[in-house]
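Descriptive analysis of the structure
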Amino acid sequence: SLPDDPQRWFPTIEEPASGPWVQIVDSGPDEDVADIRNLYFTAVTEARRRLWITTPYFVPDEPMLTALRTAAARGVDVRVILPQQNDSMLVKAAARTYSRTMCAAGAQVFMFQRLMNHSKTMVVDDTFAIVGTANMDNRSFQLNFEAVAAVWDEDVNERLAALFQQDLMRSVRFDAASSERGIVDRLWSNTARLLSPLL
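Conventions adopted
Residues numbered from 1 in each chain as written. Predicted model: local features only at pLDDT ≥ 70, side-chain atom pairs only at ≥ 80, totals over all residues. Heavy atoms only, no water. Helix = DSSP H or I, 4+ residues; strand = E, 2+ residues; numbered from the N terminus. Buried < 20%, exposed > 50% of the residue type's maximum accessible area, 1.4 Å probe, protein only. Contact = heavy atoms within 4.5 Å. Areas by Shrake-Rupley, 256 points an atom, 1.4 Å probe, with all protein chains shown as cover. Pairing = 2+ DSSP bridges. Axes fitted to C-alpha atoms, helices over the stretch in contact; angles between N-to-C directions. Salt bridge = Lys/Arg side-chain N within 4 Å of Asp/Glu carboxyl O. Polar contact = N/O pair within 3.5 Å; in protein donor to acceptor, adjacent residues only side chain to side chain. Expected span 1.5 Å × (residues − 1). Arc of directions from axis to C-beta. Core = buried A, V, L, I, M, F, W, Y, C linked by side-chain atoms within 4.5 Å.

Helix and strand counts for the protein come out as 7 helices and 10 strands. The proportion of buried residues among the 199 residues of the protein is 46%. For the protein, contacts bridging at least 24 residues in sequence account for 81% of all contacts bridging at least 6. Here the protein has roughly 10,900 Å² of accessible surface; of this, 55% comes from carbon and sulfur atoms.

What follows is the structure, given as C-alpha cells:
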C-alpha cells in the first residue's frame with residue numbers, strides 16, 4: 001500500500017537539479033529478487049570504457065563471470081583488486097580459479113599486498129559507481145543482508161577511481177601461470193571452485 005504522504009517520499013524535483021544522485025539498494029534472504037546482484041550484473045553489462053572492481057571475496061556465479069569476461073572481450077578496461085591475504089583459504093583458492101579465467105579473457109587482476117583490503121567498490125565508465133557491503137559472491141548476493149549505494153556523479157566516480165589507482169600502487173599483478181604449483185594446488189583450487197555456490 002502507498003504511504004499517506006507520498007510527496008514526502010517522492011518529492012517533485014525542481015530544475016536545475018544537482019547531484020550526486022544516490023540510490024540505496026538492499027537485498028537479503030527474505031527477498032525473492034536479488035536486487036544487488038541484478039544491479040552489479042547490469043553495471044557490468046552496461047560498462048563501455050572502464051570497470052574497476054575492488055572486492056575481498058571474488059566468487060562470481062557463472063552469469064556474472066560471463067558478463068565480466070564479455071566486458072573485457074568487447075574492449076572494456078576490466079580490472080579487479082583482490083587481497084593477497086584473505087581470511088578464508090577456501091575462498092582464496094576459488095578466487096584464484098576465477099582470476100585465471102578473467103585473465104584469459106583479457107581482464108587484469110591485481111593482488112593487494114600486506115593487508116586484508118576489505119573495500120567493496122565498482123567504478124563504471126565516468127559517471128557511475130557503487131560502494132557498499134556486498135562482495136562479488138553468492139553469499140552476498142543471496143544469503144546475507146547487504147546494502148550498497150549506487151551513485152551517479154562524475155566527481156564521486158573520479159574520486160573512487162583515484163582511490164582505486166592508489167590501491168593499485170600497493171598491489172602486484174596476478175600471475176596466472178604461477179598461481180598453481182603442482183597437483184595438490186590444482187586439486188585444492190578445483191575443489192574450492194566446485195564449492196563456490198556455497199561460499
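The subject of this paragraph is the sheet that holds strand E4 (residues 77-83). An order of E1-E9-E7-E6-E2-E4-E5-E10 is seen for the 8 strands of this open sheet, with the pairing classed as mixed. Whereas interior strands pair on both sides, the edge strands pair on one side only; in this sheet they are strand E1 (21-27) and strand E10 (171-173). Ignoring strand direction, the axes of neighbouring strands in this sheet form an average angle of 15 degrees. Here strand E5 (residues 108-112) runs beside E10; their pairing, made up of 3 bridges, is antiparallel. Residue pairing in the sheet places Phe112 in a bridge with Ser171 of E10. On top of the sheet, helix H6 (residues 154-169) reaches strand E2 (50-54), E4, E5, strand E6 (121-124), strand E7 (128-132), strand E9 (146-152) and E10; it is set at about 60 degrees to E2, its chief contact.

Let us look at the pattern of salt bridges. All chains considered together, the criterion is met by 5 salt bridges. Taking the shortest distance from any N to any O, the salt bridge between Arg37 and Asp61 comes out at 2.8 Å. Placement of the pair is Arg37 in helix H2 (residues 35-46) and Asp61 in the loop between strand E3 (58-59) and helix H3 (62-73), with a sequence separation of 24 residues. Asp61 sits in the partly exposed class, given a relative accessible area of 25%. Among the ionic pairs, Asp155 bridges to Arg159, the shortest N-O distance being 3.6 Å. One end of the pair, Asp155, and the other, Arg159, are both in helix H6, 4 residues apart, so they sit about a helical turn from each other.

With that settled, the discussion passes to the side chain of Asp137. Relative to the assigned elements, Asp137 resides in strand E8 (residues 136-137). At 2.9 Å, the side chain of Asp137 and the backbone nitrogen of Ser140 are in polar contact.

As a further point, take H3. The periodicity of an α-helix, 3.6 residues per turn, causes residues three or four positions apart to be oriented the same way. Compared with an ideal rise of 1.5 Å per residue, which puts 12 residues at 16 Å, H3 spans 16 Å between its outermost C-alpha atoms and is within 8% of the ideal. Burial in H3 covers these residues: Met64, Leu65, Ala67, Leu68, Ala71 and Ala72. The arc that holds the buried residues of H3, viewed along the axis, is 160 degrees, so those residues lie on one side. In this structure Asp61 caps H3, since a side-chain oxygen of it lies 2.9 Å from the backbone nitrogen of Met64. Phi turns positive, to about 100 degrees, at Gly75, one or two residues after H3.

Counting 38 residues, the largest nonpolar core has Tyr40, Leu51, Phe58, Leu68, Met102, Met122 and Met136 as its most contacted members. A per-element tally of this core places H3 first, with 6 residues. For Tyr40, the contacting residues outside a window of four places in its chain are Met64, Met122, Ile130, Ala134, Met136, Phe141 and Val148.

Before going further, it helps to spend a moment on the pairing of E7. Bridging between E6 and E7 involves 4 bridges; their strand directions are antiparallel. Looking across to E7, one finds that Thr121 is bridged to Val131. Bridge count between E7 and E9: 5 bridges; the pairing is antiparallel. Bridged to Phe128 within E9 is Trp152.

With that settled, the discussion passes to H6. Counted at 1.5 Å a residue, the expected span for H6 with its 16 residues is 22 Å, and the 23 Å between its end C-alpha atoms agrees. Of the positions making up H6, those classed as buried are Val156, Asn157, Leu160, Ala161, Phe164, Asp167 and Leu168. In a view along the axis of H6, the buried residues occupy a sector of 135 degrees, so they form one face of it. Along H6, exposed side chains directed more than 90 degrees from the buried face belong to Arg159 and Met169. At the N-terminal end of H6, a side-chain oxygen is found 3.1 Å from the backbone nitrogen of Asp155, two or three residues along, and the residue is Asp153.

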